[in-house]
Amino acid sequence: MWLLLSAIYIAFLGLSDVVIDLIAVNHYRADAVTLGLLSSLWILVYVVASRLTSRVAENKGSKPLMITSIFITLLFFIFLFSLRNFYYLVISQILHSLSVALVRNSVSISILNNLESEDWDKANKVFFQFSMFFEGIFLYMVSLFSLTFLINSVTVFTVVFLLVGISLVLIIPSSKSSLSRDLFRIEKNIESSLSTISILSSMGYEPLYSPPKARIVSRMLESRNTLTVGDVLVSVAGFRLSNSFFFTPLAFVLLRVLNLSSDSVLAIYGVAKIIASISLSFFPKYLDKKLAMMISMIRILVMSLFVSSFLTRSYELIVALTLTYLFNIVLDAKLYSLYIEASLASNPSTYSIVSEFSNMTGALTSGYLISLGGIPMTIASIAIMTLVSLRAIIKN
């Protein structure tokens, strides 16, 4: 139950993230470069806050982070929906980032500390899936009433959010121990030791005319899984950069280039997220190398068609965005599970920090890629970074 409420809570924040972009473009006339700078500010704050809150979560548990997140989000609503000036929007961006960092670390630590290691992947998948589903529901509901209605009804929105937040604080586990992670590390270390012992002990049965034993040991050790944390983080950086090149200017493309209304954009986002979250249930549970490469190539094609404004009809945009969301969830979940395995479940915040630093780099450069290099440069950058993201999956 707490995982479901966590998904609803983060879905509220996801809705708010889209609203920030729409308000920035429509109310403050922000361009693609300005959106990139706002995104970079969000990410910078998130990286710092994530590192600090991760330590608090390890020592104090999840509840203090959730309680702090509620208060910060209430301040965020005040600044965002006041619509006084652009500086209020900047402050709201900072507060939103702090709140997201708090709740993400709270959920991550709760999963690692309170579930068995074999259930981690499933729990993360359920969390991603329900977060996207509820965010899609919220976005579509707002599109039916209009963004203006949401701004005018912010009190009701705040009360609903508070009910969800308080309920979550009451039921989320606050275990400070990490027995599951300790057992996972011991298990992986034992597996590694036994593998090495098996390789070395087998050398005593090699015939005299075989190649030098040192060379055999080297080759056999190399044949083992050599995936490192560095390999995974390189893939994460490539994946996140390609996403930033696509998503950062997306609101500007939809509103200014395609001349869609804010409500139409909310509906497209919402329907795409709903379909993607449901489709995830029918997606293969095991992502092998061939499947990962195939969906990565399709992802490049879809993003390229979207960025080039080749897709103009609402249903085309929904299909393209649905595929992008779906493939992103699958690839992100795969990379996260690889990171947990390679790092022996240590410092889960490092994954988020590298992800967000990569997002910040992409956000800072995405607007300039379009302005200076045009569509071809953006498409080429998305393709190159997507190929880089396959490093860990292929090597695993």
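Structural data are supplied above this passage.
Colleague: Describe the pattern of salt bridges, naming the residues involved and giving the relevant values.
Modeller: Counted according to the given criterion, the structure contains five salt bridges. One salt bridge in this structure joins Asp-231 and Arg-391, with 2.9 Å as the shortest N-O distance. Of the two residues, Asp-231 sits in helix α10 (residues 229-247) while Arg-391 sits in helix α16 (residues 391-395), which places them 160 residues apart along the sequence. For Arg-391, a relative accessible area of 43% translates into the label partly exposed. A single network of salt bridges, built from pairs that share partners, joins Asp-231, Arg-391 and Lys-395.

Colleague: Could you give an account of the packing of helix α1 (residues 2-26) against helix α5 (residues 120-145), naming the residues involved and the relevant values?
Modeller: Helix packing for two helices is described by the angle between their axes and how far apart those axes are. Remark: α1 packs on α5, axes separated minimally by 7 Å, with the N-to-C direction vectors making an angle of 45°. As judged from the angle between their axes, α1 and α5 are oblique. As for how α1 packs across α5, the hand of that crossing is right-handed. Packed against α1, whose contacting residues are Leu-3, Leu-4, Ser-6, Ala-7, Ile-8, Ile-10, Ala-11, Phe-12, Gly-14, Leu-15 and Val-18, the element α5 presents Ala-123, Val-126, Phe-127, Phe-130, Ser-131, Phe-134, Glu-135, Phe-138, Leu-139 and Val-142 at the interface.

Colleague: Can you tell me about the packing of aromatic side chains, naming the residues and giving the values?
Modeller: A full pass over the atoms with the stated rule returns 19 aromatic pairs. Arranged with centres 6.2 Å apart and planes meeting at 25°, the rings of Phe-130 and Phe-134 form a pair that is stacked. Of this pair, Phe-130 and Phe-134 are both found in helix α5, four residues apart, which corresponds to roughly one turn of the helix. Phe-134 sits in the buried class, given a relative accessible area of 18%. Three or more aromatic residues link up through ring pairs in this structure, and these residues are Tyr-9, Phe-12, Phe-76, Phe-77, Phe-81, Phe-138, Phe-157 and Phe-161. Directly above the ring of Tyr-325 sits Lys-273, whose terminal nitrogen or CZ lies 4.2 Å from the centroid.

Colleague: Would you mind going over helix α12 (residues 262-279) in detail, with residue names and values included?
Modeller: Taking 1.5 Å per residue, 18 residues should reach 26 Å; α12 reaches 26 Å between its end C-alpha atoms and fits that length. Buried residues of α12: Ser-262, Val-265, Leu-266, Ile-268, Tyr-269, Gly-270, Ala-272, Lys-273, Ile-274, Ala-276 and Ser-277, and no others.

Colleague: Can you break down the nonpolar core residue by residue, with the values?
Modeller: Ranked by size, the top nonpolar core spans 118 residues in total, and within it Tyr-9, Leu-254, Tyr-269, Phe-283 and Leu-321 carry the most contacts. Take this core: its biggest share by element is 18 residues, from α1. Every residue in contact with Tyr-269, bar those within four places of it in the chain, is listed here: Val-18, Leu-139, Leu-250, Ala-251, Leu-254, Leu-321 and Tyr-325.

Colleague: Help me get a handle on the environment of Asp-121, residues and values and all.
Modeller: Looking at the element boundaries, Asp-121 is found in helix α5. Distance from Asp-121 to Ile-340, taken between C-alpha atoms, is 9.6 Å for residues 219 residues apart in sequence.

Definitions and cut-offs
Residues numbered from 1 in each chain as written. Predicted model: local features only at pLDDT ≥ 70, side-chain atom pairs only at ≥ 80, totals over all residues. Heavy atoms only, no water. Salt bridge = Lys/Arg side-chain N within 4 Å of Asp/Glu carboxyl O. Helix = DSSP H or I, 4+ residues; strand = E, 2+ residues; numbered from the N terminus. Buried < 20%, exposed > 50% of the residue type's maximum accessible area, 1.4 Å probe, protein only. Axes fitted to C-alpha atoms, helices over the stretch in contact; angles between N-to-C directions. Parallel < 35°, antiparallel > 145°, perpendicular 65-115°, else oblique. Left-handed = near helix turned anticlockwise from the far one by under 90°. Contact = heavy atoms within 4.5 Å. Phe/Tyr/Trp six-rings, centres within 6.5 Å; stacked < 30°, edge-to-face > 60°. Lys NZ or Arg CZ within 6 Å of the ring centre and 35° of its normal. Expected span 1.5 Å × (residues − 1). Core = buried A, V, L, I, M, F, W, Y, C linked by side-chain atoms within 4.5 Å.

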